[in-house]
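# Secondary and tertiary structure notes
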Amino acid sequence: MSDAAANVMVVTSTLVHAKGLTKHFGSFEAVRGIDVEVGKGEAFGFLGPNGAGKSSTMRMVACVSPRTGGELRVLGMDPDVDGPSIRARLGVVPQQDNLDTELTVRQNLQVYGRYFGLSRSAVRERAVELMEFAQLTDRADAEVEPLSGGMKRRLTIARSLVNDPELLLLDEPTTGLDPQARHLLWDRLFRLKQSGVTLIITTHYMDEAEQLCDRLVVMDGGRIAAEGSPSELIRRHSTREVLELRFPPGEQSAAEVRDLAERVEVLPDRVLLYTGDGEAALSAVHARGVRPVSTLVRRSTLEDVFLRLTGRTLVD
Amino acid sequence: MTRESSTQAPRTADTANPPVAPRSSNGLLFRIVPPGLYAGRSHVLVERSYLVSKRAWMSVLSGFFEPLFFLFSLGFGFGQLVTTVEGPGGPMPYAAFVAPALLAASAMNGAVFEATFNLFFKFKYAKVYDAVLATPMGPVDIALGEVTWCLIRGGLYSGGFIVVMLGFGLISSPWALLALPVCLLVALAFAAAGMAAATFMRSWHDFDLVQLAVMPMFLFSTTFYPLSVYPGWLQTVVQWTPLYHAIELMRALTTGYVGWGALGHVAYFVVMAAIGVVVAARRLGKLLLT
């Protein structure tokens, strides 16, 4: 009896389980065999440059894109078989807002709730609560089209909550928003996390990942390049500090400082020294008579990890 | 900042387990459609269309006037020159000849354009269906819901037109009571075919092809003159077009000359509707669920 109960606990505490998951579009391999486990109450992130396979993965988890191969279980069920039952318990915030522009703010929430089979009276109440949550109450009966980007995004997030989802999928939730709108959204997402909703977020903003995610994977070229908490990833894939030396273009003295750090990266205008102690490295640089235009000692960030793992080449 | 309690994500008890079980009234469809494609909730999409139309009632109302303008221009204007024409039961007034054909043609036009334009717009630009498919709803719910709305709207126009015909004494048989349900069947078939066609369209340019199919059908499928004006081989071509069958049905019902051949016309539209719905649902699923 207690064994059975324990088993159930194990089964239900993993909301997403993927093993060797692949997705092909014709001959293009968007996702090339990834293993992911997301537990209940977690805030999990997919980081990666454009085209890394994040959105394809999200769409498979959202049960709107059939997988090509591998295992996938969402809320303990198989999307190929139980897609509608899984979707009934998910909230989805797509990369591009797909609000219903022919309806008002309030109607968007009400009609969306109806898609989930909620009664008319239930969606009426729900819409009022959600507009309050998204700070859109004063725009309740306004058209959707003239709303600002941040408002549309908040409405999309509010809409995704209409069915009280256990798992919320957010595909680049703050891309294209100004800092105020981003912070307001982060605040709302943090509240959701506090109230027990499991979040899966894709982003290419490192600060967003550090703010929101307990655990994340870095994806590149359809594969997982690294996995861990933000601080773990920094520890594993970067040094504690980074010393940035800025030179006039074409006058870098990289060769003279190359042995002063664990790893040195030469950029067109800067030389980055990855080291445990930035100040010590800086003293050593000065001692050798190297005179950069300016210097900066800073902590390693997730961005350093990201760039190290996925490279500095531009991906389009 | 608002109070803490009001900005917390609201969680309500009655939404904890949203019902996904299908309504039993849709049992038959459930057996022939794969479960992932149909949630039995197509009526919600009809609700959505109703809400939209309440906000755009002018454009809805305008659809009623088009066949009326044709009736006044051709039936009463042109009818002054052509007093009688050979109908199902012999010579009849031109207005009474052309009115049932306009009824059939407006059922076609309304259904085809509502289905193709709206589907294409929502699918390609407004991404409405992407949002719908993230919920338990499936592509079959979408196809059925959109076709149903087409029929409700088309049925209102047809009903209005039939009342106008009655008012001008252009109906001479109680069989005309069946004209409205037959209009709905015709609209269903054209809407389903239009939706299926819309799923193959790549850009707005392809709508010229729809126009290219609908316009000659409207002009040449015995709408304005009897089939006997054509040479034999051309008669056969015209008899293959769907609008010809719709016009034959309407003329028979409003004049009372109804034969067993009417069932053949009905069968034509049943088959057309079935093929259209299946193709549209399959294509929508394929395009949206990639």
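Everything here concerns the structure above.
Right, let's walk through the structure included here. Note that the structure is a prediction, hence the values are computed from the model and not measured. (Residues numbered from 1 in each chain as written. Chains lettered and ligands numbered in written order. Predicted model: local features only at pLDDT ≥ 70, side-chain atom pairs only at ≥ 80, totals over all residues. Heavy atoms only, no water.)

If you tally the helices and strands in chain A, you get 12 helices and 13 strands. Overall, the C-alpha framework of chain A stretches about 75 × 50 × 45 Å when taken along its three principal axes. Counting every position in chain A, which comprises 316 residues, the buried fraction comes to 54%. A sequence separation of at least 24 residues applies to 68% of the contacts in chain A between residues at least 6 apart. When the accessible area of chain A is evaluated, it comes to approximately 13500 Å², of which 50% is carbon and sulfur surface. Charge-centre separation for chain A: the mean point of 39 positive side chains lies 1 Å from the mean point of 45 negative side chains. (Helix = DSSP H or I, 4+ residues; strand = E, 2+ residues; numbered from the N terminus. Buried < 20%, exposed > 50% of the residue type's maximum accessible area, 1.4 Å probe, protein only. Contact = heavy atoms within 4.5 Å. Areas by Shrake-Rupley, 256 points an atom, 1.4 Å probe, with all protein chains shown as cover. Lys, Arg positive; Asp, Glu negative; His and termini not counted. Charge placed at Lys NZ, Arg CZ, Asp CG, Glu CD.)

Helices and strands together make up the secondary structure of chain B, namely 12 helices and two strands. From first element to last, N terminus to C terminus, chain B shows the α and β order α-α-α-α-β-β-α-α-α-α-α-α-α-α. Across the 290 residues of chain B, 52% fall into the buried class. Taking the intrachain contacts of chain B between residues at least 6 apart in sequence as the baseline, contacts between residues at least 24 apart amount to 76%.

It is worth spelling out the sheet that holds strand 6 (residues 167–171) of chain A at this point. All names here are of chain A. The strand order across the open sheet formed by six strands is 5-6-7-3-8-9, and the pairing between neighbours is mixed. The open sheet has two edge strands, strand 5 (90–93) and strand 9 (223–228), and neither has a second partner. Recorded for the sheet is a direction-independent mean angle of 15° between the axes of neighbouring strands. Relative to strand 9, strand 8 (residues 215–220) runs antiparallel, the two sharing five bridges. Bridged to Val217 within strand 9 is Glu227. (Pairing = 2+ DSSP bridges. Axes fitted to C-alpha atoms, helices over the stretch in contact; angles between N-to-C directions.)

With that out of the way, let us pick up the packing of aromatic side chains. In this description, a pair of aromatic rings is defined by centroid distance and the angle of the planes. All chains considered together, the criterion is met by 21 aromatic pairs over all chains. Aromatic pair Phe65(B) and Phe69(B): ring centres 6.1 Å apart, planes at 25°, arrangement stacked. Placement of the pair is Phe65(B) and Phe69(B) together in helix 4 (residues 57–77), with a separation of four residues, close to one helical turn. Judged by relative accessible area, Phe65(B) falls into the partly exposed class, the value being 35%. Among the aromatic side chains, those forming a connected cluster through ring pairs are Phe113(B), Phe117(B), Phe120(B), Trp204(B) and Phe207(B). Note that Arg182(A) overlies the ring of Tyr205(A), its terminal NZ or CZ placed 4.3 Å from the centroid. One Lys or Arg, Arg263(A), reaches over the ring of Tyr274(A) and ends 4.0 Å from the middle of that ring. (Phe/Tyr/Trp six-rings, centres within 6.5 Å; stacked < 30°, edge-to-face > 60°. Lys NZ or Arg CZ within 6 Å of the ring centre and 35° of its normal.)

Moving on, we get to the environment of Arg55(B). Along the chain, Arg55(B) falls in helix 3 (residues 43–55). For Arg55(B), a relative accessible area of 34% puts it in the partly exposed group. For the pair Arg55(B) and Val164(B), spaced 109 residues apart in sequence, the C-alpha separation works out to 26 Å. When neighbours within four sequence positions are excluded, Arg55(B) is seen to be in contact with Glu102(A), Leu103(A), Thr104(A), Gln107(A) and Glu143(A).

Once that is clear, we can look at the interface of chain A and chain B. Reports of interface size often rely on the accessible area that becomes lost once the parts have come together. In this assembly, 45 residues from chain A lie in contact with 41 residues from chain B. Both faces combined, the contact of chain A with chain B buries some 3900 Å², and carbon together with sulfur accounts for 54% of it. Our enumeration of links across chain A and chain B arrives at five salt bridges. Inspection of the region where chain A meets chain B yields 12 residue pairs in polar contact (both at pLDDT 80 or more). Put simply, the parts of the chain that give the side of chain A that touches chain B at least two residues each are strand 1 (14–25), helix 3 (79–87), helix 4 (105–115), helix 5 (120–133) and helix 7 (179–194) of chain A. When residues in the side of chain A that touches chain B are grouped by element, the largest group, seven residues, is from helix 5 of chain A. Class assignment of the residues belonging to the side of chain A that touches chain B gives a composition of 20 nonpolar, nine polar and 16 charged. (Buried area = accessible area lost by both parts, 1.4 Å probe. Salt bridge = Lys/Arg side-chain N within 4 Å of Asp/Glu carboxyl O. Polar contact = N/O pair within 3.5 Å; in protein donor to acceptor, adjacent residues only side chain to side chain. Nonpolar A, V, L, I, M, F, W, Y, C, P; charged D, E, K, R; others polar.)

Bringing the packing of helix 5 (residues 94–124) of chain B against helix 7 (residues 139–167) of chain B into the picture now. Residues and elements named next belong to chain B. Where helix 5 meets helix 7, the axes come as close as 10 Å, and the angle between the chain directions of the two elements is 155°. For the element pair helix 5 / helix 7, the angle class is roughly antiparallel. With respect to the hand of their crossing, helix 5 and helix 7 are arranged in right-handed fashion. Where helix 5 approaches helix 7, its residues Ala99, Pro100, Leu102, Leu103, Ala107, Ala111, Glu114, Ala115 and Lys122 are matched on the opposing element by Glu146, Trp149, Cys150, Arg153, Ser158, Phe161, Ile162 and Met165. Partitioned by chemical class, the residues of the contact of helix 5 with helix 7 number 12 nonpolar, one polar and four charged. (Parallel < 35°, antiparallel > 145°, perpendicular 65-115°, else oblique. Left-handed = near helix turned anticlockwise from the far one by under 90°.)

Bringing a nonpolar patch on the surface into the picture now. Taken together, Trp57(B), Met58(B), Leu61(B), Phe65(B) and Phe69(B) make up a surface patch of nonpolar side chains, about 580 Å² in accessible area. Tracing the chain through its elements places Trp57(B) in helix 4. (Patch = residues over 30% accessible without salt bridge, like charges linked within 9 Å, V, L, I, M, F, W, Y side chains within 5 Å.)

Moving on, we get to the sheet that holds strand 2 (residues 28–39) of chain A. All names here are of chain A. Spatially, the three strands line up as an open sheet ordered 2-1-4, and their pairing is antiparallel. Strands at the two margins of the open sheet, each flanked by one partner only, are strand 2 and strand 4 (69–74). Neighbour to neighbour, the strand axes of the sheet diverge by 20° on average, direction disregarded.

Take the state of the cysteines next. Residues and elements named next belong to chain B. All told, the structure shown has zero disulfides over all chains when counted by the stated rule. Unpaired in terms of disulfides, Cys150 finds its nearest cysteine sulfur in Cys183, a separation of 14 Å. Given the relative accessible area of 7%, Cys150 is considered buried. (Disulfide = S-S within 2.5 Å.)

What follows deals with the pattern of salt bridges. All chains considered together, the criterion is met by 31 salt bridges over all chains. A salt bridge links Asp80(A) to Arg67(A); the shortest N-O distance between them is 3.8 Å. Here the residue Asp80(A) occupies a position in helix 3, and Arg67(A) occupies one in the loop between helix 2 (54–61) and strand 4, the gap between them amounting to 13 residues. Of the residues examined, Arg67(A) reaches a relative accessible area of 18% and is grouped as buried. For Arg202(B), the salt bridge is made with Asp206(B), and the minimal N-O distance between the two is 3.3 Å. We classify Arg202(B) as exposed; its relative accessible area is 62%.

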